[in-house]
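Structural characterization, general
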Amino acid sequence: MRYKCLIFDVDGTLLNFSSAYLCAQQAVAKALGIEFSREFIQTDEKLSWELWDEFGLSRVEDEAVQANYHILYDAYLRKHFASIAQAFGVKPETDAALGAYYSELSSSHETMEADTLEVYRQLCGQYILAIATNGLGRVQHSRLADFLPMTAALFVSEEIGCIKPSGTFFERITDVLGCAPHECLMVGDSLSSDIAGAKNAGMAACWYDRKSKGERSQAAADYRISRLRELLKIL
């Protein structure tokens, strides 16, 4: 057996964040008293990209961002929702919007593919399965309820205190699982967080390239798949 431990990312790999975010957008609009419309979506997305860069959240390789990510993310969301309210001329009910956002995300269980859970179940018993995600514990534990019975350990950045691709994050994985880095395969959709983090930690990495972008990167993955089921052939 080539690998002992398989480590899976969550959003964009096991679970469909795009559909979850759409539902969260609707919940935020309702909390702010704004009609959910194409205009709302466009305004939300424009502000999201602008503020994401403003708060440095795209610089995941920055150690300061890695260590303070969740503080920055909370500040980002609060300004994001306040800015949306301002754009539509309504009262900035930021706490209500934040609560609605997290509540909707927590209830989202849609997988990336129809057979994602089936493939994960096939791997259970053959390998030590773990999940590693940048996110909040109260959100991700709930969303992963279907996967957790088959999972040896769940690593959530908020609970660890830093995010992927931090070396500390990946060291925690190997320490808890009792696996050497070369015995681990990280499967994820993010070249900067999943693939770069795993490779820097001495792990093998499989890029889940769902949209078949085929991009080149210095953090080149050992494998590239466009469907999770392809992982069965690799292993």
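**Examining the packing of aromatic side chains**
For the structure shown, the criterion picks out 15 aromatic pairs. Relative to Tyr73, the ring of Tyr69 lies with its centre 6.0 Å away and its plane at 5°, an arrangement referred to as stacked. Of the two residues, Tyr69 and Tyr73 both sit in helix α3 (residues 63–87), four residues apart, roughly one turn of that helix. An identical accessibility class is assigned to Tyr69 and Tyr73; each is buried. Here a set of aromatic residues connected by ring pairs shows up, and it is made of Phe17, Tyr21, Phe81, Tyr101 and Tyr102. The lysine or arginine in question, Arg138, covers the ring of Tyr102, its NZ or CZ lying 4.8 Å from the ring centre.

**A word on the packing of helix α1 (residues 17–32) against helix α4 (residues 94–106)**
Relative orientation and spacing of two packed helices are given, respectively, by the angle between their axes and the distance between those axes. Remark: α1 packs on α4, axes separated minimally by 8 Å, with the N-to-C direction vectors making an angle of 150°. Regarding the angle of α1 to α4, the classification is roughly antiparallel. Regarding α1 and α4, the two cross each other, and that crossing is right-handed. Contact with α1, carried on its side by Phe17, Ala20, Tyr21, Cys23, Ala24, Ala27, Val28, Ala31 and Leu32, involves Ala96, Ala97, Ala100, Tyr101, Glu104 and Leu105 of α4 and no other residues of that element. Residues belonging to the contact of α1 with α4 are distributed by class as follows: 14 nonpolar, no polar and one charged.

**Section: the state of the cysteines**
One pass over the full model with this rule turns up one disulfide. Cysteine Cys162 shares no disulfide, and the gap to the nearest cysteine sulfur, in Cys184, comes to 16 Å. A relative accessible area of 7% places Cys162 in the buried class. In this model Cys206 remains outside any disulfide bridge; the closest cysteine sulfur is found in Cys184, 14 Å from its own.

**Let's talk about the pattern of salt bridges**
Counted by the stated rule, this structure contains 14 salt bridges. One salt bridge in this structure joins Arg59 and Asp62, with 4.0 Å as the shortest N-O distance. When its relative accessible area of 40% is taken as the criterion, Arg59 is described as partly exposed. Taking relative accessible area as the criterion, Asp62 reaches 28% and is therefore assigned partly exposed. With a closest N to O distance of 2.9 Å, Asp209 and Arg224 form a salt bridge. Of this pair, Asp209 sits in the loop between β5 (204–208) and β6 (223–225) while Arg224 sits in strand β6, and the two are 15 residues apart along the sequence. Salt bridges here are not isolated pairs; linked through shared partners, they connect Asp9, Lys164 and Asp194.

Rules of the game
- Residues numbered from 1 in each chain as written.
- Predicted model: local features only at pLDDT ≥ 70, side-chain atom pairs only at ≥ 80, totals over all residues.
- Heavy atoms only, no water.
- Phe/Tyr/Trp six-rings, centres within 6.5 Å; stacked < 30°, edge-to-face > 60°.
- Helix = DSSP H or I, 4+ residues; strand = E, 2+ residues; numbered from the N terminus.
- Buried < 20%, exposed > 50% of the residue type's maximum accessible area, 1.4 Å probe, protein only.
- Lys NZ or Arg CZ within 6 Å of the ring centre and 35° of its normal.
- Axes fitted to C-alpha atoms, helices over the stretch in contact; angles between N-to-C directions.
- Parallel < 35°, antiparallel > 145°, perpendicular 65-115°, else oblique.
- Left-handed = near helix turned anticlockwise from the far one by under 90°.
- Contact = heavy atoms within 4.5 Å.
- Nonpolar A, V, L, I, M, F, W, Y, C, P; charged D, E, K, R; others polar.
- Disulfide = S-S within 2.5 Å.
- Salt bridge = Lys/Arg side-chain N within 4 Å of Asp/Glu carboxyl O.

Geometry only, nothing functional implied.
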